[in-house]
Amino acid sequence: MKEDRFTDIPGLKVGHAHDAAVRTGVSVILPDRPVTMAVDVRGGGPGTRETDALAPHTLVERFHGLVLSGGSAFGLGAADAVTAWLSHRGVGLPVGGRPVPVVPAAILFDLSNGGNKDWGMTPPYHRLALEACAAAGTDCPHGPVGAGYGARAGSRPGGIGTASIQCERTGWRVAALIAVNSFGEVYAGEPPLDAPVALPKAAIAGTNTTIGAVATDAPLTKAQTQKLAQMAQDGLARVIRPIHTPFDGDTLFALATGEADRDTAGVQPLDLAVLGTLAADCVARAVRRGVGL
């Protein structure tokens, strides 16, 4: 039987690329058409791009891609490449002399993993982002790929994991794609409630971070998509201890491919509550798959 995966949400493609010598990589999520998007940031040391535009009160209603990258601040440059790649293909807001894609991004820290970071004035993330775009499809490999290539989760190697589930109540699907690079340990079962807190990494602010996205084919409004991202964060807390620390930049995006806008009610609140619960379930499973549990 086919394993559930992030691209079970129709209309979404995923691409990964990595540089083995540098021990880093980039992952992209490319929708077939613009999607509603939101974000929830809980870590103490995040690195992001275009997240202000995702707030429910802001102008832009649809977004054209999402980038997850290694490389700390250098990795944010990957979004420049994806923006150019999409614009060249006619994707983006019809303003100015060419289409302007809106491409949010988040990064994780993998600069201390032993790879060759002596890249001079040319970080590899522009190149890797273009390679990830060219590779985008429906395959969803797990482990050390893309943004998770150089990741570490507590005392074990990190990586990319995905999962999806169909809501029996509504028929809508929910999925998650997570790049696991946590300060805390990942547990196969429930994290211990009364054990000493394991501190497997050097405590340096912003040098860890679990980033990712959840997605649904439900017709969510922008505000409802933000609630989905908020509820999905609970999945991280179920499997990583400690989580959302001052040393992490934990950031989860949410994408909704269904048709809705600020003038419609979206889905019923009870349906949203169920979708958010399932999103957290998918996040927990994706985290474990990312680290091989």
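**What about helix α3 (residues 222–239)?**
Thinking step 1. For α3, the full list of buried residues reads K222, Q224, T225, L228, A229, A232, Q233, G235, L236 and V239.
Thinking step 2. For α3, the secondary structure elements touched by its buried residues are β3 (36–41), β11 (185–186), β12 (211–216), β13 (240–241), β14 (251–256) and α4 (269–290).

**Thoughts on the packing of helix α1 (residues 78–88) against helix α2 (residues 125–135)**
Thinking step 1. Running from amino to carboxyl end, α1 crosses α2 at an angle of 45°, the nearest separation of the two axes being 7 Å. In terms of axis orientation, α1 runs oblique to α2. α1 and α2 meet at a crossing whose hand is right-handed. Taken together, the residues of α2 that come into contact with α1 (itself represented by A78, A81, V82 and W85) are Y125, H126, A129, L130 and C133.
Thinking step 2. Classifying every residue of the contact of α1 with α2 gives 8 nonpolar, 1 polar and no charged.

**Re the pairing of strand β9 (residues 159–166)**
Thinking step 1. Across the 8 residues of β9, 6 count as buried, placing the element largely inside the fold.
Thinking step 2. Here 8 bridges tie β9 to strand β10 (residues 173–180), and the two strands are oriented antiparallel to one another. Residue pairing for β10: G159 is matched across the bridge by V180.
Thinking step 3. In this antiparallel pair of consecutive strands, β9 and β10, the connection spans 6 residues, and G171 shows a positive phi of 90°.

**Regarding unusual backbone geometry**
Thinking step 1. Each neighbour pair has its own omega, and for R241 with P242 the value is -5°, a cis peptide bond.
Thinking step 2. Mapped onto the secondary structure, P242 falls in the loop between β13 and β14.
Thinking step 3. A positive phi angle, near 60°, is found at R23, a position not held by glycine.
Thinking step 4. Mapped onto the fold, R23 is located in the loop between β1 (12–19) and β2 (24–31).

**Quick word on the pairing of β2**
Thinking step 1. In terms of burial, β2 is largely enclosed, as 8 of its 8 residues are buried.
Thinking step 2. Connecting the antiparallel pair β1 and β2 is a turn made up of 4 residues, with R23 showing a positive phi of about 60°.
Thinking step 3. Note: β2 against strand β5 (residues 66–69), 4 bridges, orientation antiparallel. In the sheet register, V26 faces β5, and the bridge partner there is S69.

What counts and what doesn't
Residue positions are given per chain, counting from 1 as you read along its sequence in written order. pLDDT decides what is reported in this predicted model: residues at 70 or higher carry local features, side-chain atom pairs at 80 or more are listed and counted, and totals for whole chains, interfaces and linings draw on all residues regardless. The side-chain figures draw on all heavy atoms in the structure; neither hydrogens nor water molecules are used. Burial classification: accessible surface area is computed with a 1.4 Å probe over protein chains only, and a residue below 20% of its type maximum counts as buried, one above 50% as exposed, and the rest as partly exposed. Secondary structure elements are taken from DSSP: a helix is a run of H or I of four residues or more, a strand is a run of E of two residues or more, and numbering for both begins at the N terminus. Any two residues whose heavy atoms approach within 4.5 Å at even a single point are treated as in contact. Only C-alpha atoms enter the line fits that serve as axes; for helices the fit covers just the stretch in contact. Angles between N-to-C directions range over 0 to 180 degrees. Here the angle decides the label: under 35 degrees means roughly parallel, over 145 means roughly antiparallel, 65 to 115 means roughly perpendicular, and every other value means oblique. By convention the crossing between two helices is left-handed if the near helix lies anticlockwise of the far one by an angle smaller than a right angle, and right-handed if it lies clockwise. Note on residue classes: Ala, Val, Leu, Ile, Met, Phe, Trp, Tyr, Cys and Pro are nonpolar, Asp, Glu, Lys and Arg are charged, and everything else, Gly too, is polar. If DSSP finds at least two bridges between two strands, the strands pair.

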